[in-house]
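# Close look at the chain arrangement
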Amino acid sequence: MVEITAKLLGRSVFVAGEVVECSITFSNSGVSAVRNGASVNKAKTAKLAWASAQIHCQCSVNETLVDVSSTGHMSSAHLTPSGSDTSFVPFKGEKGSTLMTTSPKILFCDLILLPGDTQTFVYSEVLPFDLIPSYRGTAVKYSYKITIGAQRFGSRTKLMRVPFRVMVVPGLTDTSFPAEETGDLRPSNPFHQKPVSETSVIDIALENLQTLTGRRGPSFFNITNSRGRVARFCLFKQAYRIGDDIVGTCDFTEASVSCVQFSVTLQSEEQVSESCRRKTGQGTVTTQYSKHDEFCLSTAKTHFSIAIPLTATPSFTTDLVTLRWRLHFEFVTSKVPLSERPEPKDADDSPVWQGPALLDVETMVWDLPVTVYATKPTFVNSISLLKTNSVCLV
């Protein structure tokens, strides 16, 4: 038997537009046995007809929430041609529909491996810029895989898959890499070749992210209900990268309504497109992440900090689903004015204020939209649970 080992080089998280590289090793392990004190090699020479590799994006949906017939996507089972046992069909056996495939690349033809021989090939592919980010939601799932197919003479094709994650940065296209102006005013030398400075996709992506998420000035919001002002809320910016901390402040000094407690929750909203919904009036799927709770009675000013997990998916929209992010606030306020606290008569006076044993309260809810973008892939790769290698026997 021939053992195929595939391993992603570098990391398992990439930005659309980057180069994905995978090392693929074919090994014919010799199996030795000892008979009458002599070593006998049982392994045979292995002959592989061909091997190919290809990247594809697979979309699977929850049919209780998404009407598959209205999406217009053909399932992978319908796209699988006849005679696929001996041909290379990377999405064979996959659930859902295949949204994107790169051109297959042939690794070799007619490979002969003697017992104990090993051959390693490197598959590389440039990811298109106009991709959908990897996403594992309740209604829709988008996943990316490298599929390696190999066949021995007279045998069926064997497939193995290596998953990886894709993040998309807005504004990153193949036109983002113009020829660089050097600004050199010296006479040009026709016999001297100027060094070419290469700008990587990651460099441009980080510049775009810095522009999109840079602080432009704080935003202030007056939180009020029917009885008056509850608080003044300040958010320093409304665009973040995954892994960032969302920091805000609450000012109760000018409040006319007593706020007893407040909470802030980071939530994502997954909304299926209206034309693809299974039921009329179908709502959104809300997922909760980080949360901050605080009792704030008699508090003048306070702040909170909520982390966006690196496992989160940035905001995006497709023909099937839209993913949005928001801060969900809940303010618990008193329905009746509280007694005033006694003021100290002098520096040595320490007046005591006793709060009521029972308090008639009401809860008000407020949602503030925020935008979440991608981040540097090496940060996400540090906590990625995707397997970077896969093993298969042919």
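None of these values were measured; they are calculated from a predicted model. (Residues numbered from 1 in each chain as written. Predicted model: local features only at pLDDT ≥ 70, side-chain atom pairs only at ≥ 80, totals over all residues. Heavy atoms only, no water.)

### Some thoughts on the packing of aromatic side chains
With the rule as written, the count across this model stands at 18 aromatic pairs. When the ring of Phe233 is compared with that of Trp366, the centres are 6.0 Å apart and the planes differ by 80 degrees; the resulting orientation is edge-to-face. A residue pair is termed long-range when its members are at least 10 positions apart, and Phe233 in strand 14 (residues 228–235) and Trp366 in strand 22 (residues 361–373) qualify at 133 residues. When the ring of Phe262 is compared with that of Phe331, the centres are 6.1 Å apart and the planes differ by 25 degrees; the resulting orientation is stacked. Highlighted residues: Phe262 in strand 17 (residues 259–272) and Phe331 in strand 21 (residues 321–334), separated in sequence by 69 residues. With respect to class, Phe262 is no different from Phe331; both count as buried. Members of the aromatic cluster, joined through ring pairs, are Phe221, Phe233, Phe252, Phe262, Phe304, Phe329, Phe331 and Trp366. (Phe/Tyr/Trp six-rings, centres within 6.5 Å; stacked < 30°, edge-to-face > 60°. Helix = DSSP H or I, 4+ residues; strand = E, 2+ residues; numbered from the N terminus. Buried < 20%, exposed > 50% of the residue type's maximum accessible area, 1.4 Å probe, protein only.)

### Some details on the sheet that holds strand 16 (residues 245–251)
Pairing within the open sheet is antiparallel, and its 4 strands lie in the order 13-14-16-19. Edge positions in the sheet fall to strand 13 (219–225) and strand 19 (301–307), since each of these pairs with one other strand and no more. Direction aside, the axes of adjacent strands within the sheet are offset by 25 degrees on average. Note: strand 14 against strand 16, 4 bridges, orientation antiparallel. Note that in strand 16 the partner of Arg232 across the bridge is Asp251. (Pairing = 2+ DSSP bridges. Axes fitted to C-alpha atoms, helices over the stretch in contact; angles between N-to-C directions.)

### A look at the sheet that holds strand 3 (residues 19–28)
Within the open sheet, the 4 strands sit side by side as 9-3-1-23. Their pairing is antiparallel. Of all strands in the sheet, those with a lone pairing partner are strand 9 (118–126) and strand 23 (389–393), marking the two edges. Strand-to-strand twist in this sheet, taken as the mean axis angle between neighbours without regard to direction, amounts to 15 degrees. The pairing of strand 1 (residues 2–8) with strand 3 spans 7 bridges and is antiparallel. Bridged to Val2 within strand 3 is Asn28.

### Examining the layout of surface pockets
Looking at the largest pocket, its volume works out to about 700 Å³. What lines the largest pocket is a set of 29 residues, among which Tyr135, Arg136, Arg165, Thr311 and Thr313 lie closest to the centre. Those elements giving two or more residues to the lining of the largest pocket turn out to be strand 10 (135–136), strand 11 (140–152), strand 12 (157–167), strand 17, strand 18 (285–295) and strand 21. The dominant element in the lining of the largest pocket, judged by the number of residues it contributes, is strand 11, at 5 residues. Of the residues assigned to the lining of the largest pocket, the class counts are 15 nonpolar, 9 polar and 5 charged. (1 Å grid on protein atoms, 1.4 Å probe; cavity = no way out; pocket = protein on both sides within 12 Å on 5 of 7 lines; lining within 4 Å. Points joined across faces, edges and corners; volume = space filled by probe spheres on them. Nonpolar A, V, L, I, M, F, W, Y, C, P; charged D, E, K, R; others polar.)

### Thoughts on the pattern of salt bridges
Scanning the model with the defined rule gives 10 salt bridges in all. Here Glu94 ties to Arg161 by a salt bridge, and the two come within 3.7 Å at their closest N and O atoms. Here Arg161 lies in strand 12 and Glu94 lies in the loop between helix 1 (76–79) and strand 7 (97–101), a separation of 67 residues in the sequence. A residue is classified by how much of its surface remains accessible, and Arg161, at 24% relative accessible area, is partly exposed. (Salt bridge = Lys/Arg side-chain N within 4 Å of Asp/Glu carboxyl O.)

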